[in-house]
Amino acid sequence: MSDSQNLRQAALNYHEFPQPGKLEIRATKPMANGRDLARAYSPGVAEACTEIKADAANAARYTSRGNLVAVVTNGSAVLGLGNIGALASKPVMEGKAVLFKNFAGIDCFDIEVNESDPEKLADIVCSLEPTFGAINLEDIKAPDCFVVEKLCRERMNIPVFHDDQHGTAIVVGAAATNALHVAGKSFEEIKIVSTGGGAAGIACLNMLVKLGVKRENIWLCDIHGLVYEGREEDMNPQKAAFAQASDKRTLDEVMDEADLFLGLSGPNVLKPEMVAKMADRPIIFALANPTPEIMPEAARKVAPEAIIATGRSDFPNQVNNVLCFPFIFRGALDVGATEINDQMQIACVEGIAELARATTSAEAAAAYKGEQLNFGADYLIPKPFDPRLVAVVSSAVAKAAMDSGVATRPIEDIEAYKQKLNQTVFKSALLMRPVFEAARAASRRIVFSEGEDERVLRAAQAILEETTETPILIGRPEVIERRCERLGLDVRPGRDFQLVNPENDPRYYDYWNSYHKVMQRRGVTPDLAKAIMRTNTTAIGAIMVHRGEADSLICGTFGEYRWHMNYVEQVLGGNSYSPHGALSLMILEDGPLFIADTHVRIEPTPEQIAETVIGAARHVRRFGLDPKIALCSQSQFGNIACDTGSRLRAALEILDEKRRDFAYEGEMNIDCALDPELRERIFPNSRLEGAANVLIFAHADAASGVRNILKMRAGGLEVGPILMGMGNRAHIVSPSITARGLLNMAAIAGTPVAHYG
């Protein structure tokens, strides 16, 4: 079977299995008993109906309408497929609905309509207004799409947006903004030649005019040649707006000194000899799919300095509408906009463009591993999986809607709104907020032992942007400098953060002497101390904390946990400091769950288990949560005489010797810890109320196993592990940690011990 046949079958299987289609509907409220039914339907539903009847704005409070978009098409101009009809277009519209949900959390129904008359189609769309908070028109042929959108905008009081026109125009506007930035040109001075007089092409030209291009500098060509004044063949008012008073008639004739070629037409329309006629540093947007107007390599043969974008994902600078439509609708819905106006579209353009010029996110880099994501000729617009898009672009759109007077539900605090949007993408953001706030009140120095690691470098950039902490990196200067440049990071060693070079640092003598003094009665000779301080970055970081040159150490991005802990304990242990457990916060769909001890002690004693429980309670409060701790075992309240059960019961006795200000109970099975009703049946006198949010185990295998299952099979996001018992002077992470995870750990390390007892 050929590659194309394999791809075709894989795509068909994707759509068919495990169930047909890409969408399903799920209830957001419980429907488990008669009480739920009475509230959801008769008689309780009448209360919501009455409120909406009294004030239509209440529909956004009591129904899903405020977060519901319709994708509407008649299938008359499906990208790359043409007029395939409404039914055949359904997979495309389902896909669009999935993008709305995955990228911006917007619920969406796809609606395919058998109607070719644009006025009748507009009537149908307008009749849907009570159901939806916004309408996304899709894949309707030109010029019918202009008619449908115009009528719907005039008659409807919700946003109506034809994505093929305006979505494409917005992303082209963002790409053009940054291309001109790279080329050193401006909108006001450039000459544009465009091919394709359809909906997308016309919308792009209108957007470029709004951004400053002079209409007289735009030369529009279609299948019949130049659009010129007096031409009658295949004309409409939208094309006529760009007609030139010229005796030139062909694309080739108008290409002289063009700064920007904008192609939304067909394959191989632009010839290399035409590119050769363009101005210096030409900008070529060849957006026809799947075959562009000119292939990038052909354009570069005659213009090596060309800045090129296509509609394909296998070339740099893919002009993809997914950069726009989820986020412009997110902002419009959240402020109850009555339309998507020019100000909102330009805000979207600016937000996308600014994001590309900012430092690349670690998440986008991970999604596009191996690609260079540094702003420049090959990176003009962000990648679709850049998680910052939703907050940056949606908040810009929402603000523009408020500033232009079309928002019916204005947002008072736009920065708080931006944080809320970030929480939908970064699952740890909400839980980490109190930790970051406490960290901002201090200014601690955090040393990273694996300073050359890409994740550490990205975390260092984020630390400087989002906290008041000072990162210190251990690594070779030339390696870190080179990697920062390759990754497109703004930070540089020596200028933005302190660097410790293990191969040649002026403090080397002081460091090996300090290490030798700590370890001289544990078999470490001066020569061995010198060797360790040249090669062991974890030991170097620990010595820096010991000497007071750093406040906390973060290590463990590679290597085995207990190997790192050996040096942490050697150097920083003693004086009441001793590792007594590793606590992992697992962020799950239904809330946070803490697991301990995952790494430090394999088979802890009852005294050590009690220490872990006390430490876990203290750390859980750092996240603004009330600890509810369950001691978990195969045994359940003494029903099995097993080793883990007996050690947990003994730990319980130790905890009971003093009055504790947190809830704990045990020993019990995990299901009993998480299901209060089950626990009530088995042990009605339990001192624990509700579901436990901390699970303590008597064996590291069990704790680690639960942690890994939650990560790999339940989609849990880990914050940690948090090393307890070391006074926040060191934390050992796991090799699977991300740059965002390191930022979270830096915030935890950046909070002085006094903040959490």
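Preceding this paragraph is the structure being described.
Going along each chain's sequence as written, the residues are numbered from 1 onward. Only residues with pLDDT of 70 or above have their local features reported here, since the model is predicted, and side-chain atom pairs are shown and tallied only from 80 upward, although totals for entire chains, interfaces and linings are computed over all residues. Side-chain figures throughout are based on the complete set of non-hydrogen atoms in the structure, without hydrogens or water.

Asker: How would you explain the sheet that holds strand 8 (residues 260-263) if you had to name every residue and give the values?
Answerer: One bridge is not enough; two strands pair if DSSP finds at least two bridges between them. Elements are defined by DSSP. Helices are runs of H or I of four residues or more, strands are runs of E of two residues or more, and each kind is numbered from the N terminus. Taking strand neighbours across the sheet as the criterion, the 6 strands line up as 7-6-5-8-9-10 in an open arrangement whose pairing is mixed. The outermost strands of the open sheet, each flanked by one partner alone, are strand 7 (225-226) and strand 10 (307-310). Across the sheet, helix 8 (residues 163-183) is in contact with strand 8, strand 9 (283-286) and strand 10; its angle to strand 9 comes to roughly 155°. By definition in these notes, contact holds between two residues if any of their heavy atoms fall within 4.5 Å. Note on geometry: axes are C-alpha line fits, over the in-contact stretch for helices, and angles between N-to-C directions span 0 to 180 degrees. The sheet contacts of helix 9 (residues 199-210) involve strand 5 (192-195), strand 6 (218-222) and strand 8, and relative to strand 6 the element is tilted by about 180°.

Asker: Describe in detail the side chain of Asn693, supporting the description with residues and values.
Answerer: Within the fold, Asn693 resides in the loop between helix 29 (676-682) and strand 19 (694-697). Pairs of N or O atoms are called polar contacts if they sit within 3.5 Å, as long as, within protein, a hydrogen donor faces a hydrogen acceptor (for residues adjacent in sequence, only side-chain-to-side-chain pairs). A distance of 2.8 Å separates a polar side-chain atom of Asn693 from the backbone nitrogen of Lys628. Not counting the four nearest positions on each side in its chain, Asn693 is found in contact with Pro592, Leu593, Phe594, Asp626, Pro627 and Lys628.

Asker: Go over the sheet that holds strand 11 (residues 445-448) with me, naming the residues and quoting the values.
Answerer: Pairing within the open sheet is parallel, and its 5 strands lie in the order 13-12-11-14-21. Two strands close off the open sheet at either side, each with one partner strand: strand 13 (498-500) and strand 21 (730-732). Recorded for the sheet is a direction-independent mean angle of 20° between the axes of neighbouring strands. In this sheet, strand 21 lies alongside strand 14 (residues 552-555) in parallel orientation, the contact comprising 3 bridges.

Asker: Tell me what's going on with the nonpolar core, and back it up with residues and numbers.
Answerer: Ile135, Phe285 and Phe329 are the most contacted members of the largest nonpolar core, which has 100 residues in total. Sort the elements by how many residues they give to this core and helix 8 lands first, with 10 residues. With residues near it in sequence (within four places) discarded, Phe329 still touches Val69, Phe100, Ile106, Ala134, Ile135, Asn136, Phe161 and Ile340. In this description, a nonpolar core means a group of buried Ala, Val, Leu, Ile, Met, Phe, Trp, Tyr and Cys residues linked to one another through side-chain atoms lying within 4.5 Å. Remark: exposure states derive from per-residue accessible area (1.4 Å probe, protein chains only) relative to the maximum for the residue type, with buried under 20%, exposed over 50%, and partly exposed in between. Counting 56 residues, the second-largest nonpolar core is a separate cluster that includes Ala462, Leu473, Val491 and Ile587.

Asker: I'd like to hear about the packing of helix 22 (residues 508-519) against helix 25 (residues 561-572), residue by residue, with values.
Answerer: Interhelical geometry of helix 22 versus helix 25 gives an angle of 85° and a closest axis separation of 9 Å. Viewed along their axes, helix 22 and helix 25 adopt a mutual orientation that is roughly perpendicular. Residues Tyr515, Val518 and Met519 of helix 22 lie in contact with helix 25, whose contacting residues are Tyr567, Gln570 and Val571. Gly is put with the polar residues, along with every residue not named as nonpolar or charged; the nonpolar set is Ala, Val, Leu, Ile, Met, Phe, Trp, Tyr, Cys and Pro, and the charged set is Asp, Glu, Lys and Arg. The class makeup of the residues in the contact of helix 22 with helix 25 is 5 nonpolar, 1 polar and no charged. Each angle is binned into one of four classes, with values under 35 degrees roughly parallel, values over 145 roughly antiparallel, values of 65 to 115 roughly perpendicular, and all other values oblique.

Asker: Can you break down the packing of aromatic side chains residue by residue, with the values?
Answerer: By convention, a stacked pair of Phe, Tyr or Trp rings (six-membered ring in the case of Trp) has centres within 6.5 Å and planes under 30 degrees apart, an edge-to-face pair has planes over 60 apart, and any other such pair is tilted. Evaluated as defined, the whole model comprises 10 aromatic pairs. For the ring pair Phe103 and Phe385, a centre distance of 5.3 Å and an interplane angle of 45° mean the geometry is tilted. Taken as a pair, Phe103 in helix 5 (residues 90-104) and Phe385 in the loop between helix 16 (362-367) and helix 17 (389-403) lie far apart in primary sequence, 282 residues in all. With relative accessibility at 52%, the residue Phe385 sits in the exposed group. Relative to Phe132, the ring of Phe109 lies with its centre 6.3 Å away and its plane at 75°, an arrangement referred to as edge-to-face. Residue Phe109 is located in strand 2 (residues 107-112), and its partner Phe132 is located in the loop between helix 6 (118-126) and strand 3 (134-137); the two are separated by 23 residues in the primary sequence. What makes Phe109 partly exposed here is its relative accessible area of 36%. Taking relative accessible area as the criterion, Phe132 reaches 3% and is therefore assigned buried. Every member of this aromatic cluster is reached through a ring pair, and the members are Phe100, Phe161, Phe325 and Phe329.

As far as function goes, none of this settles anything; it's purely spatial.
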